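One letter stands for each residue in the lines below.
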Amino acid sequence: MKRNELLLDVIGEVKDEYLQEIDSRIKRVRRGRRWKRALLAACVILIAGIVVQFAVMLGGGLGSRSGGFSAEGLVAGGYYFHQTRDGDVFRYTPEEGSVRLIKGCILDRWKNTRCSTTANGYGFYYSKGDWIYRIKHGETKSEKLYHYESKAKYPDLYPAGANDIAVFVDYNRADVLTHHEVLIIDGITGECKTVVMERNIPYYEPETMPFDDPRFADKSDKSDENFTVYADTVTYTVGGRTLELVYQGSEDELDYTYCLTENGKPLYNGYVEPYDVRTVGDSLVFTIGRGGNNLGKDLNGYVIVSPDGTNRVVNVPSVPGNEKFFFTVKDVEDGQSIFAVRTSDNEKFKLKWDRAEERHVRDIYSNGSYIWTMGFDGKKGDGPASCYRIEYENGIPTALTLIDDDITDNNK
Amino acid sequence: MEDERIVALYWARDERAITLSKEKYEHYLYTIALNILASMQDAEESVSDTYIGAWNSIPPQKPVVLRTYLGRITRNLSLKRYRYLHAEKRYGSETALALDELSEVVADTQTAESEAERRELVRILQVFLTSLSSDQRMIFLMRYWHLHPVAVIAKKLGYSQSKVKMTLKRTRDSLRDSLKEEGLL
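Residues numbered from 1 in each chain as written. Chains lettered and ligands numbered in written order. Predicted model: local features only at pLDDT ≥ 70, side-chain atom pairs only at ≥ 80, totals over all residues. Heavy atoms only, no water.

(A) Fine view of the overall build of chain B. The helix and strand tally for chain B stands at 9 helices and 0 strands. Along the chain direction, N to C, the helices and strands of chain B fall in the order α-α-α-α-α-α-α-α-α. In chain B, buried positions account for 52% of the 185 residues. In chain B, the share of contacts with a sequence separation of at least 24, taken over all contacts with a separation of at least 6, comes to 63%. (Helix = DSSP H or I, 4+ residues; strand = E, 2+ residues; numbered from the N terminus. Buried < 20%, exposed > 50% of the residue type's maximum accessible area, 1.4 Å probe, protein only. Contact = heavy atoms within 4.5 Å.)

This is how it looks when you write it as structure tokens:
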């Protein structure tokens, strides 16, 4: 054995207390970050509230396109869904054009928050008031799907597999006590399959945040465990495969430290998000979390699990397209370019891009056949969403052809 | 389940001890093994062998902190496997990088390792680690016990990468000086 190898070996015999010292320190650093994030979030909410108040005072109003949140898009079931900053939701396909599903879906006019929406292979879902509503793909009528059991504050919806949705919600069950829950709702029947009560903590409005409250300043190692509970396992099926996301405990920066496993064996060396699980083709797409070996990396990737037994990891920040290609927009020397990322090996292919106009593209969305781009007009706010057809040669994406420069305008 | 209860199951030769150890620590052990071996397949073997090692050693061992006990087994097995797999080659894994760094402290020449030399090295190292500040010790062990990359150490401890690198360099220099004073260099 070489001497440096001997030294490395011998380092393994250090006292346990030195290793435990590391664990305690990491927990304290993580707790400090959570507290700072909560404080920052509270400050952001407070500042946003002040900005909105000024906008109203100056006559801008909430109906105008001043301040507020940007437009958003999502792809599911062969459709592209576009939510404008005013809360209108359009469903679009190049063949049918666009259909407005919802007008003005605003959750909170004072805070200028839109209703949360999501979609899966079965339908489009949104939360408003005491209900979650569904619009089945191909239809336009809203149906009530699930009634919140208590007054819900700012629910967030995510896809959770082929037909389910995950709903993150806070319930006020007492003046200051909030239950933060994750509901898994069957998107077909409306049945609530699972409730995970994640946090049972005092809730304060930002302006009354008790900075001296010992519950926020608690330095004991057990404080987080008393407050936060995560589901031990979250299960998904794809084809005949059963996947289990197993909670690993609070080892890293993120709360959601779930390991993706099959038959007890990890499929990915790192953490994945347990909710926000999309369907692409016949496969499930899990979003990579930032713990484990991804700590320190600026990563936004995915693990694709297919019914035929294959698993692929896309390590490039991108958006899902189809099972073979994901897509990303990058700033390059002469502006922006869109690349296709092959999921089997992460090789990138630059696409020839017949751009609608020169505005900066903020986001893109894709189903592998089309790409939708969301532009940004600077002071004017969001530009319209454009639709491009993806051209393929020998199975490789090569170019984008503009087919609609404003999908919310039915004049194609 | 608390470590004490899991260890009691080992002592009672109840195989639920293995299942519970897996549930609680498998990801932690995989992280250690993968840091060293950079291969899922090899890491899987190391982690599997860890449970066998734990089963065979408890009793008579009665670890108080099961996590570090199992982690130590995984680390030793993984390093052994690493040496076996990479006898003649150099790889860009964290282990190879760590060995390169430690060759600044002691040369990467062959040693006729004796039990006495090993015991002496352990003693000097323990004294050395005790003399370090908490920060220096944690950074050193996260690099050379856990084999974490510098970026991971920086993120976990809330430091910049340059601070971690500088601390490691100074600590290695101090360790080299300590070994020289003790006549081991």
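(B) Region of the structure containing the packing of aromatic side chains. All names here are of chain A. Counted by the stated rule, this structure contains 20 aromatic pairs over all chains. For the ring pair Y158 and F168, a centre distance of 5.3 Å and an interplane angle of 70° mean the geometry is edge-to-face. Placement of Y158 in strand 11 (residues 152-159) and of F168 in strand 12 (residues 164-172) is noted, with a sequence separation of 10 residues between them. For Y158, a relative accessible area of 30% translates into the label partly exposed. (Phe/Tyr/Trp six-rings, centres within 6.5 Å; stacked < 30°, edge-to-face > 60°.)

(C) Layout of the confidence of the model for chain B. With 93% of its residues at a pLDDT of at least 70, chain B reaches an overall mean of 85. On the interface metric, ipTM, the complex scores 0.78, and its pTM is 0.54. (pLDDT = per-residue confidence, 0-100.)

(D) Molecular detail of the pattern of salt bridges. The full count for this structure, using the stated rule, is 26 salt bridges over all chains. Close ionic contact of K193 of chain A with D164 of chain A constitutes a salt bridge, the shortest N to O distance being 2.7 Å. One end of the pair, K193 of chain A, is in strand 14 (residues 192-202); the other, D164 of chain A, is in strand 12, and 29 residues separate them in sequence. Salt bridges linked by common partners bring E101, E104, R143 and R172 of chain B together as one network. (Salt bridge = Lys/Arg side-chain N within 4 Å of Asp/Glu carboxyl O.)

(E) Main features of the side chain of S386 of chain A. Locating S386 of chain A in the fold gives a position in strand 30 (residues 382-393). Within the structure, the side chain of S386 of chain A is placed 3.2 Å from the backbone oxygen of D405 of chain A, a separation counted as a polar contact. (Polar contact = N/O pair within 3.5 Å; in protein donor to acceptor, adjacent residues only side chain to side chain.)

(F) Up close: the nonpolar core. With 69 residues, the main nonpolar core has I11 of chain A together with L129 and L141 of chain B as its most contacted residues. For this core, the element with the highest residue contribution is helix 2 (residues 16-37) of chain B, accounting for 12 residues. When near neighbours in sequence (up to four residues on either side) are disregarded, I11 of chain A contacts R75, L102, L125, F140, L141, Y144 and W145 of chain B. By size, the runner-up hydrophobic cluster in this structure holds 24 residues, among which are A160, F168, Y247 and Y268 of chain A. (Core = buried A, V, L, I, M, F, W, Y, C linked by side-chain atoms within 4.5 Å.)

(G) Highlighting the packing of helix 7 (residues 134-144) of chain B against helix 9 (residues 161-181) of chain B. All names here are of chain B. Relative to each other, helix 7 and helix 9 sit at 90°, their axes nearing to 9 Å. When the axes of helix 7 and helix 9 are compared, the pair comes out roughly perpendicular. Between helix 7, through D135, Q136, I139, F140, R143 and Y144, and helix 9, the contact on the second element is made entirely by K163, V164, T167, L168, T171, R172 and L175. Residues belonging to the contact of helix 7 with helix 9 are distributed by class as follows: 6 nonpolar, 3 polar and 4 charged. (Axes fitted to C-alpha atoms, helices over the stretch in contact; angles between N-to-C directions. Parallel < 35°, antiparallel > 145°, perpendicular 65-115°, else oblique. Nonpolar A, V, L, I, M, F, W, Y, C, P; charged D, E, K, R; others polar.)

(H) Region of the structure containing the interface of chain A and chain B. Tallying the contact residues gives 40 residues for chain A and 55 residues for chain B. When chain A packs against chain B, close to 5,000 Å² is buried across both sides, 58% of that on carbon and sulfur atoms. Looking only at chain A, the three residues that lose the most surface to chain B are R3, L7 and L8 of chain A, adding up to 15% of its buried area. Measuring nitrogen to oxygen at the nearest pair gives 3.6 Å for the salt bridge that ties R118 of chain B to D9 of chain A. Summed over the shared surface of chain A and chain B, the result is 16 residue pairs in polar contact (both at pLDDT 80 or more). Of all the elements in the fold, those that place two or more residues in the side of chain A that touches chain B are helix 1 (3-11), helix 2 (16-57) and strand 18 (265-266) of chain A. Per element, the largest residue contribution to the side of chain A that touches chain B is 11 residues, and it comes from helix 2 of chain A. Of the residues contributing to the side of chain A that touches chain B, the split by class is 16 nonpolar, 9 polar and 15 charged. (Buried area = accessible area lost by both parts, 1.4 Å probe.)

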